[in-house]
Amino acid sequence: MSIRLEHVNYVYSSGTAYEKHAVKDLNITIESGEFIGIIGHTGSGKSTLTQLLNGLIKATDGHIYYNDKSIYDKKFDMRQLRGQVGLVFQYPEHQLFETSIIRDVSFGPANMGLAKDEIEKRAKMALMQVGIGEDLFEASPFELSGGQRRRAAIAGVLAMEPSYLILDEPTAGLDPKGREEILELIRWLHETRHITVLLVSHSMEDVAEYVNRIIVMNHGQIAFDGVPKEVFKNYRELEKIGLAAPQVTYVMNQLKDNGFQVETDAVTVEEAYEAIKVWARKEGVIL
Amino acid sequence: MGKERGGDIIIRDITIGQYYPAKSVLHSLDPRVKLAGTFLYIISLFIFESLSGYVLAGLILLLTIKASHVPFSYIVKGLKSVVFVMMFAVFFNVFFSHGQHQLVKYGVISITVEGIELACFMAIRLVYLILGSSLMTFTTTPNQLTDGLEKALAPLNRLKIPVHEIAMMMSIALRFIPILLEEADKIMKAQSARGADFETGNLMTRAKRLVPLLVPLFISAFRRANDLAMAMEARCYRGGEGRTKMKPLKYKRLDYVGYSLVASYLGIVFVIENYII
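Given the structure is predicted, the values throughout are model-derived calculations rather than measurements.

A. Structural detail: the domain arrangement of chain B. Residue and element names in this part refer to chain B. Taken domain by domain, chain B holds domain 1 (20-140 + 250-277) and domain 2 (141-243). For domain 1 and domain 2, the distance between their C-alpha centres works out to 29 Å. Contact residues are listed per partner, giving 4 residues for domain 1 and 8 residues for domain 2.

B. Representation of the domain arrangement of chain A within the structure. Residue and element names in this part refer to chain A. Entries for chain A in the domain assignment read domain 1 (2-232) and domain 2 (246-287). Domain 1 and domain 2 are separated by 35 Å when their C-alpha centres are compared. Contact residues are listed per partner, giving 7 residues for domain 1 and 6 residues for domain 2. A total of 4 residues in the side of domain 1 that touches domain 2 trace back to one element, the largest contributor, which is helix H7 (residues 204-210). In terms of residue class, the side of domain 1 that touches domain 2 is made up of 4 nonpolar, no polar and 3 charged.

C. A look at the UniProt feature "transmembrane region" (unreviewed entry) in chain B. Sites flagged by UniProt as "transmembrane region" (unreviewed entry) map to residues 39-62, 74-96, 108-131 and 256-276 of chain B. Between the C-alpha atoms that bound residues 108-131 of chain B there is a distance of 34 Å. The span itself is 79% helix and 17% strand.

D. Representation of the sheet that holds strand S7 (residues 164-168) of chain A. All names here are of chain A. As summarised here, the arrangement of the 6 strands in space is S6-S7-S8-S3-S9-S10, forming an open sheet in which the pairing is mixed. Taken across any chain shown, the strands that pair with only one partner, and hence form the sheet edges, are strand S6 (85-88) and strand S10 (221-226). Put simply, the sheet's adjacent strands are angled 15° from each other on average, direction ignored. Bridge count between strand S3 (residues 35-39) and strand S9 (residues 213-218): 4 bridges; the pairing is parallel. Each bridged residue has a counterpart across the sheet, and for Gly-37 the counterpart in S9 is Ile-214. Strands S3, S7 and strand S8 (196-200) of the sheet are contacted by helix H6 (residues 176-191), whose axis makes an angle of about 155° with S8.

E. Here's a closer look at the nonpolar core. Ranked by size, the top nonpolar core spans 81 residues in total, and within it Ile-38, Val-105, Leu-127, Ala-155, Ile-166 and Leu-199 of chain A carry the most contacts. For this core, the element with the highest residue contribution is helix H5 (residues 146-158) of chain A, accounting for 6 residues. Discounting residues that sit within four places of it in the chain, Leu-199 of chain A has contacts with Ile-36, Gly-37, Ile-38, Leu-167, Ile-186, Tyr-210 and Val-211 of chain A. The next biggest cluster of nonpolar side chains, apart from the first, holds 12 residues, and it includes Tyr-20, Tyr-41, Leu-45 and Tyr-128 of chain B.

Quick notes on the rules
Residues numbered from 1 in each chain as written. Chains lettered and ligands numbered in written order. Predicted model: local features only at pLDDT ≥ 70, side-chain atom pairs only at ≥ 80, totals over all residues. Domains from an automatic or database assignment. Contact = placed C-beta atoms within 7 Å. Helix = DSSP H or I, 4+ residues; strand = E, 2+ residues; numbered from the N terminus. Nonpolar A, V, L, I, M, F, W, Y, C, P; charged D, E, K, R; others polar. UniProt positions renumbered as here; feature names shortened; annotations may be inferred. Pairing = 2+ DSSP bridges. Axes fitted to C-alpha atoms, helices over the stretch in contact; angles between N-to-C directions. Core = buried A, V, L, I, M, F, W, Y, C linked by C-beta atoms within 7 Å. Buried ≥ 20, exposed ≤ 12 C-beta atoms within 10 Å, placed from the backbone.

Quick look at the structure:
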């Protein structure tokens, strides 16, 4: 089970003054079970990549294979792909349109042509998963808080029971509590439901904390691809393309520059704590 | 454009009424000159009765397009959206016409030489009209356009017509067209990602399927209007009275040349229509 991109190019409005080469010669393989973070500054091609993956836009050039079948093949069932590769857009709560939450969440499964009781079952389960109780099922989207609305919109995608889940900045504009809830939900989906997750994010801390592989996009190409520790070692190059490493990585580097011989590859606060403990034991310092 | 491409292409294809950034004489003309020129050009299209007039109008159009540095193919794309209207008009003119040289008569259908001639001229007229007016929007930003209108219509202020407010409403409306198109594109994609289908089915089902697009679009339009009103009030906006401009419109030499070219075009049209034939 994998999604594979081979030499994928995408050009917007080709042949006009607005022409833009959004992604250039991308080669990526996403294996089932991964938790991938995609980072890059605005206009680096992140959004284009996410839309290419479930066939919302068609590559100008190149091939995309879902489980080794080309998605641009005439016989390929694009609708089924959309169900398999769920895409949660930025500010997904802006797409809610139904009179009640449960009806909105049923929209996806209903489009898949499922039986009525199956639709209801899936919608209820998806809402439960995102932590929206039965008392709110019949509520209008307008009666919910911002964080609840966002979670309801995510449930709208989860109800299609995708094997892959792509989330474009799912925590944008939420308060710290809302962010934590969403990120924990995503972690739970990955660990318990075994959904392959692609998380597009601007927060290096979030990415470092949750994912096990980072893809850094720059000018439509892949700048780095690897485990967080390896990628954030290149923090000086990351800064050049408008990104950064997690704050704690800088702290560790500062410590080392000031003569404390600590390992500098920590990317989360826990890891930094461990690294300092190791250093303290070695130096005989009591913390 | 396969159906799997979702909302991507449909919306980006609407070029009519858009601005096309380029450096050209036409781009740097005062918007009032362009407004007057376009207006008079359109009027001239309805004066013509002779073939030579159409040839002249066509030549002028080609020359201005050349001078505008907007790619010809880009301008022609704008015609696509009106092909249906044009075919409709041509169809009625060809099949339900009166005239002396009847070619076919079958029930209510009658085809005459005059009818075909009229249909051809009408089609040409429509094409010229659309190309001419879209050339103006291609070379003038919406802001310049409303500035030009406001200034040109300023005398109406004396008749208690709120020219500034109308111009402001117009420029806000124009400003929001690309934003709402983008928003529509985004919502369409988001709903397509949930398996929505906007492209198949008959007219009724398709109209019904637009609900998941239109409801969020309206909500977002209201939200944006609200935010904008708040932002304007926060900056003490209170209408046109006593308001000055950062870049007031001023005629330059180029603009007088423009006016005289328009005037000489009108002169030639007058001569052709009255004396040549």
